[in-house]
Amino acid sequence: AQSVTQLGSHVSVSEGALVLLRCNYSSSVPPYLFWYVQYPNQGLQLLLKYTTGATLVKGINGFEAEFKKSETSFHLTKPSAHMSDAAEYFCAVSGDDYKLSFGAGTTVTVRA
Amino acid sequence: DTGVSQDPRHKITKRGQNVTFRCDPISEHNRLYWYRQTLGQGPEFLTYFQNEAQLEKSRLLSDRFSAERPKGSFSTLEIQRTEQGDSAMYLCASSSDAYGSEAFFGQGTRLTVV
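Cut-offs and rules
Residues numbered from 1 in each chain as written. Chains lettered and ligands numbered in written order. Predicted model: local features only at pLDDT ≥ 70, side-chain atom pairs only at ≥ 80, totals over all residues. Heavy atoms only, no water. Helix = DSSP H or I, 4+ residues; strand = E, 2+ residues; numbered from the N terminus. Rg over C-alpha atoms; globule rule 2.2 N^0.38 Å. Buried < 20%, exposed > 50% of the residue type's maximum accessible area, 1.4 Å probe, protein only. Areas by Shrake-Rupley, 256 points an atom, 1.4 Å probe, with all protein chains shown as cover. Lys, Arg positive; Asp, Glu negative; His and termini not counted. Charge placed at Lys NZ, Arg CZ, Asp CG, Glu CD. Phe/Tyr/Trp six-rings, centres within 6.5 Å; stacked < 30°, edge-to-face > 60°. Lys NZ or Arg CZ within 6 Å of the ring centre and 35° of its normal. Salt bridge = Lys/Arg side-chain N within 4 Å of Asp/Glu carboxyl O. Core = buried A, V, L, I, M, F, W, Y, C linked by side-chain atoms within 4.5 Å. 1 Å grid on protein atoms, 1.4 Å probe; cavity = no way out; pocket = protein on both sides within 12 Å on 5 of 7 lines; lining within 4 Å. Points joined across faces, edges and corners; volume = space filled by probe spheres on them. Nonpolar A, V, L, I, M, F, W, Y, C, P; charged D, E, K, R; others polar. Pairing = 2+ DSSP bridges. Axes fitted to C-alpha atoms, helices over the stretch in contact; angles between N-to-C directions. Contact = heavy atoms within 4.5 Å. Buried area = accessible area lost by both parts, 1.4 Å probe. Polar contact = N/O pair within 3.5 Å; in protein donor to acceptor, adjacent residues only side chain to side chain.

Draft legend 1. Region of interest: the overall build of chain A. Secondary structure summary: chain A contains 0 helices and 11 strands in total. For chain A, the N- to C-terminal ordering of α and β elements is β-β-β-β-β-β-β-β-β-β-β. Over its C-alpha trace chain A gives a radius of gyration of 13 Å, about what one expects of a compact globule, namely 13 Å for 112 residues. Along the longest, intermediate and shortest principal axes, the C-alpha atoms of chain A span 40 × 30 × 20 Å. Residues counted as buried form 46% of the 112 residues belonging to chain A. Of the roughly 5,100 Å² of accessible surface on chain A, 53% is carried by carbon and sulfur atoms. Distance from the positive charge centre (8 side chains) to the negative charge centre (8 side chains) of chain A: 2 Å.

Structure, rendered in structure tokens:
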């Protein structure tokens with residue numbers, strides 16, 4: 001079984017500041033890890049994924065995440081926030097069956 | 001390919017009525033998933049198909065819920081005798097079964113039961 005915990009339901013950052021969203025996972029098998037973004041009344045868009053290999057994963061819109069097995073973490077970062085980054089972000093984990101288990105989400109607001 | 005399509009985008013229904021939602025996946029994807037998302041929560045898995053076979057159903061999927069994927073193409077999700085607790089966003093996703101493939105999501109159907 002897999003599960004995800006996202007630390008912090010709301011994050012507020014200034015434009016140009018670092019964005020850091022925390023995700024810890026639990027998995028009984030080697031995990032596949034994902035970050036998705038959701039804008040109001042929209043579906044989910046994939047930001048990045050980790051399956052195997054390099055533990056630092058780069059995604060779209062300047063986001064990246066690092067898989068740390070020893071810490072069971074997959075935190076998402078972006079060096080410089082933009083107003084368009086305001087959205088809800090979900091961390092998800094899956095195993096061999098590809099079924100996704102999502103965290104509760106983190107809402108990001110960006111201050112001008 | 002325009003991605004995963006869901007219809008309708010919004011549905012308002014009276015309690016006790018039946019509703020049906022449709023999902024058209026990306027054409028070459030053989031896996032199709034349904035998720036439910038309530039306000040302030042992450043999506044929760046409901047069921048998935050490998051081609052036309054329904055391989056798993058969550059315990060969240062009560063007897064009032066049924067999903068089909070005839071011929072392994074589009075899928076429908078039907079809710080019978082709707083209840084106010086069924087109000088949620090219903091999300092469809094599809095993926096290939098290649099190693100590490102990600103799920104592509106539709107824009108969802110927002111159901112409101114009044």
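Draft legend 2. Examining the packing of aromatic side chains more closely. If you walk through the whole model with that rule in mind, you get 16 aromatic pairs over all chains. Grouping aromatic residues by their ring pairs yields a cluster made of Phe34(A), Tyr36(A), Phe90(A), Phe102(A), Tyr33(B), Tyr35(B), Phe45(B), Tyr48(B) and Phe105(B). Sitting above the plane of the Phe45(B) ring, Lys99(A) keeps its charged end 5.0 Å from the centroid.

Draft legend 3. Highlighting the pattern of salt bridges. Residue and element names in this part refer to chain B. Tallied over the entire structure, the rule returns 7 salt bridges over all chains. A salt bridge links arginine 64 to glutamate 83, with the shortest nitrogen-to-oxygen separation between them at 3.4 Å. Separated by 19 residues along the polypeptide, arginine 64 in the loop between β6 (53-57) and β7 (65-68) and glutamate 83 in the loop between β8 (75-79) and β9 (88-95) bring together distant segments of the chain. By relative accessible area, which is 11% here, arginine 64 ends up buried. Its salt-bridge partner being aspartate 86, residue arginine 64 comes within 2.8 Å of it at the nearest N-O pair. One end of the pair, arginine 64, is in the loop between β6 and β7; the other, aspartate 86, is in the loop between β8 and β9, with 22 residues separating them in the sequence. A single salt-bridge network, built from bridges that share partners, covers Arg64, Glu83 and Asp86.

Draft legend 4. Structural view of the nonpolar core. Of all hydrophobic cores here, the largest spans 26 residues; its most connected members are Leu21(A), Trp35(A), Leu47(A), Leu48(A), Phe74(A), Leu76(A) and Tyr89(A). Only β2 (10-14), β3 (19-27), β4 (32-38), β5 (44-50), β7 (64-68), β8 (73-78), β9 (87-94) and β11 (106-111) of chain A provide two or more residues apiece to this core. Membership of the second largest hydrophobic core comes to 19 residues, among which are Val4(B), Leu32(B), Leu77(B) and Ile79(B).

Draft legend 5. Examining empty space enclosed by the protein more closely. Taken as a whole, this structure holds 1 cavity of 30 Å³ or more when the rule is applied. A volume near 50 Å³ is recorded for the largest cavity. Lining of the largest cavity is provided by Phe34(A), Ser94(A), Tyr98(A), Leu100(A), Tyr33(B), Ser95(B), Ser101(B), Glu102(B) and Ala103(B). Looking at the lining of the largest cavity residue by residue, the classes come out as 5 nonpolar, 3 polar and 1 charged.

Draft legend 6. Local environment of the sheet that holds β7(B). Residue and element names in this part refer to chain B. Pairing in this open sheet of 4 strands is antiparallel, and the strands run β1-β3-β8-β7 from one edge to the other. The outermost strands of the open sheet, each flanked by one partner alone, are β1 (5-7) and β7. Across the sheet, the mean angle separating the axes of adjacent strands is 15 degrees when strand polarity is ignored.

Draft legend 7. Broad picture of the interface of chain B and chain A. Taken together, the 25 residues of chain B in the interface contact 20 residues of chain A. Between chain B and chain A lies a buried interface of about 1,900 Å² when both sides are counted; carbon and sulfur atoms form 52% of it. Among the residues of chain B in contact with chain A, Tyr99(B), Glu102(B) and Phe105(B) are the three that bury the most area, contributing 25% of the side total. At the boundary of chain B with chain A, the tally comes to 2 salt bridges. A salt bridge links Glu102(B) to Lys49(A), with the shortest nitrogen-to-oxygen separation between them at 2.7 Å. Applying the counting rule to chain B against chain A returns 7 residue pairs in polar contact (both at pLDDT 80 or more). Of all the elements in the fold, those that place two or more residues in the side of chain B that touches chain A are β4 (31-37), β5 (44-50) and β9 of chain B. Tallied by class, residues from the side of chain B that touches chain A come to 11 nonpolar, 8 polar and 6 charged.

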